[in-house]
Amino acid sequence: MKLSKTYISKLILYPLIFVLFSILLASCGSYRKVIKEPLKLYGSEYLFEQMKENEVRPDFLTSRFSAEIRKDNKQMSFNGQLRLKTDSIIWLTVSPALGLEIGRLIITTDSVKWLNRLESNYMINNINWLNEVIHPLIDFDLVQALILGNDLSYYENSMFRGSIENHEYKLTINQRRKLKKKARSDDGSDIIPLQQIWLDPETYKIKKVMIKDLKDKGARIEAVYDNFVESGNYLFSTKRIYELQEKSTNLTLKLSFTRTEIPESNNFPFTIPEKYRPVRN
């Protein structure tokens, strides 16, 4: 009996596919078992400790960046420079592509300053201005954490639940409260309703973080980190996507960092020309 070439191909191909599929399933199962072991042996506290040990915590940091921001149906691209002194100052300049600086921003633990070179004005506000006009949870600690790709510094660290999702570690916590010495008020603005953190199982770097408002299901802050490179003794994400949804606001910011350095010191110039006028917002 003469067998057709198609029949012979099927006789060879089908078992081969089955074998490859079995190997793939076994590999996935083995990998899941490997990354599950630390969680099983040491618990969620181990994952949290490893995350903290691998955070970016330099005294100073500088970097160039390109950005694309989309708010509702409007989109804008720009370049800039970042300088940071940990737990103290975040300094940014904003420039259009191949253009001159159009704005300069300084955020400290107690103030926000903006220099608008296009309209020759400036703004100086209390740090609470950020949570009044952007999102109730936005403060210096959260902005710094989102820039560095770290967890928050001034919130309680207990009660995290560890799990595995899509081959990454996942930490979840409900009702995470700000430490008493850092609390802003008694109106609930010092509480994160729900926070989820996804970690790389090899480096324990944050790959994604999401903060949700349980009262308003559409309100959330999300950051996704990718393309990690070495800067000094740290792994620093050079590609990020930030999303902010709150009431009628839908904002997406894409950032690409280049020339990231860890200098021994930095300066943060912010001089207001005499002809500039003050504005509230």
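Calculation notes
Residues numbered from 1 in each chain as written. Predicted model: local features only at pLDDT ≥ 70, side-chain atom pairs only at ≥ 80, totals over all residues. Heavy atoms only, no water. Helix = DSSP H or I, 4+ residues; strand = E, 2+ residues; numbered from the N terminus. Buried < 20%, exposed > 50% of the residue type's maximum accessible area, 1.4 Å probe, protein only. Contact = heavy atoms within 4.5 Å. Areas by Shrake-Rupley, 256 points an atom, 1.4 Å probe, with all protein chains shown as cover. Pairing = 2+ DSSP bridges. pLDDT = per-residue confidence, 0-100. Polar contact = N/O pair within 3.5 Å; in protein donor to acceptor, adjacent residues only side chain to side chain.

Engineer: Could you give an account of the overall build of the protein chain, with specific residues and numbers?
Structural biologist: Within the protein chain, the regular secondary structure consists of four helices and 14 strands. Here the protein chain holds 281 residues, and the buried ones make up 42% of them. Within the protein chain, counting contacts between residues at least 6 apart in sequence, those at least 24 apart form 50% of the total. As presented, the protein chain carries roughly 16,700 Å² of accessible surface, and 53% of it is formed by carbon and sulfur atoms.

Engineer: Which residues make up the pairing of strand E4 (residues 103-108), and what values go with them?
Structural biologist: Of all six residues in E4, five are buried; the element is thus mostly enclosed. The sheet contact formed by strand E3 (residues 89-95) and E4 spans six bridges and is antiparallel. The partner of Ile 90 across the bridge, within E4, is Ile 107. Pairing of E4 with strand E5 (residues 111-116) involves five bridges; the strand directions are antiparallel. Its bridge partner being in E5, Arg 104 is matched across the sheet by Leu 115. Once E4 ends, the chain turns through two residues before running back antiparallel as E5.

Engineer: Explain the confidence of the model for the protein chain to me, using residue names and the numbers behind them.
Structural biologist: For the protein chain, the average pLDDT comes to 84, and 82% of its residues sit at 70 or higher. This stretch, residues 19-32, has a pLDDT under 50; its non-local contacts, to residues over four places away or in other chains, come to five contacts.

Engineer: Give a description of unusual backbone geometry that names residues and reports values.
Structural biologist: Unusually for a residue other than glycine, Asp 72 sits at a positive phi of about 55°. Here Asp 72 lies in the loop between strand E1 (60-71) and strand E2 (74-85). Relative accessible area serves as the criterion here: at 41%, Asp 72 is assigned to the partly exposed category. Of note in the backbone geometry, Asp 87 takes a positive phi value of approximately 65° without being a glycine. Along the chain, the position of Asp 87 falls in the loop between E2 and E3.

Engineer: Hey, could you go over the environment of Tyr 234 for me, with residue numbers and the actual values?
Structural biologist: Relative to the assigned elements, Tyr 234 resides in strand E12 (residues 234-246). A relative accessible area of 23% places Tyr 234 in the partly exposed class. In sequence terms Tyr 234 and Pro 58 are 176 residues apart; their C-alpha atoms lie 8.5 Å from each other. Here the side chain of Tyr 234 touches Arg 57 through a polar contact of 3.1 Å, landing on its backbone oxygen.

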